[in-house]
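Each chain, letter by letter, is given below.
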Amino acid sequence: MDNFDEYRRLTNAQNWRAISAMNQVVHDTFGTRKELKALPDYLELDEVVFAFTSGLMHQTVTSNASDMGVNTWLAVLTNERFLFLDAALLSGAIDTQSVRHDRVSAVSASQGWMFGKIIIDLGARLITIDNCTKDSVKAMASLANKWLRQSATHKVDPAPKANANDPLDLLERLARLKTQGTLTEQEFQAAKAKILAKL
């Protein structure tokens, strides 16, 4: 991820305004001041914030009993997951949801005339955050898809295969065969001499 170290530095400094500026997004705290203040308490050790947006999400099973209908949530993209926070109106209680990146199929942004929305596709269901600022959803979707691509590439990259003709690999396999009792000392020495003669 471009500027990963800078995102880490700003996360450690809890400088959310500077993260918005890095993403070329107007820093908007409307309806989520309490959530932004509480955010550091919900980040894991060494977790790095890339982007965030605030918008409306329907009540979920994790919502406070006093919450009804649609609430304003803070959606945060980190290097580990999507984190959603909703502070209760009259108390210090915080509802949270967390979705690890390996569960996410795709992230899309939709921009309307005044607002935007971000849709996180989990395959079996969609998480939709609506009435967000247009620039924030565009930045979050772009960064999320970039990070998901990079994460998938690192997981898929296979370890280099051992070269069947590499003398060191052949000697190691030969030694294992001798240790297992498959080769006698005489057979081992003869095969070893052949390999060394090719060097």
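Calculation rules
Residues numbered from 1 in each chain as written. Predicted model: local features only at pLDDT ≥ 70, side-chain atom pairs only at ≥ 80, totals over all residues. Heavy atoms only, no water. Salt bridge = Lys/Arg side-chain N within 4 Å of Asp/Glu carboxyl O. Helix = DSSP H or I, 4+ residues; strand = E, 2+ residues; numbered from the N terminus. Buried < 20%, exposed > 50% of the residue type's maximum accessible area, 1.4 Å probe, protein only.

Engineer: Help me understand the pattern of salt bridges in this model?
Structural biologist: A side chain of one charge can pair with a side chain of the opposite charge when the charged atoms of the two come close. In total, this model carries 5 salt bridges according to the counting rule given. Residue Lys146 pairs with Asp2 through a salt bridge whose shortest N-O separation is 2.8 Å. You can see Lys146 sitting in helix H4 (residues 134–156) and its partner Asp2 sitting in the segment before helix H1 (4–12), a full 144 residues away along the chain. Residue classification places Lys146 among the partly exposed positions, given a relative accessible area of 26%. Between Arg81 and Glu47 there is a salt bridge; the shortest N-O distance is 2.7 Å. Placement of Arg81 in strand S3 (residues 81–87) and of Glu47 in the loop between helix H3 (33–42) and strand S1 (49–58) is noted, with a sequence separation of 34 residues between them. Overall, the relative accessible area of 6% leaves Arg81 in the buried class. On the accessibility criterion, Glu47 (3% relative accessible area) is buried. One network of salt bridges, with partners in common, ties together Glu44, Glu80 and Arg100.

Spatial relationships are all this shows, so hold off on functional conclusions.
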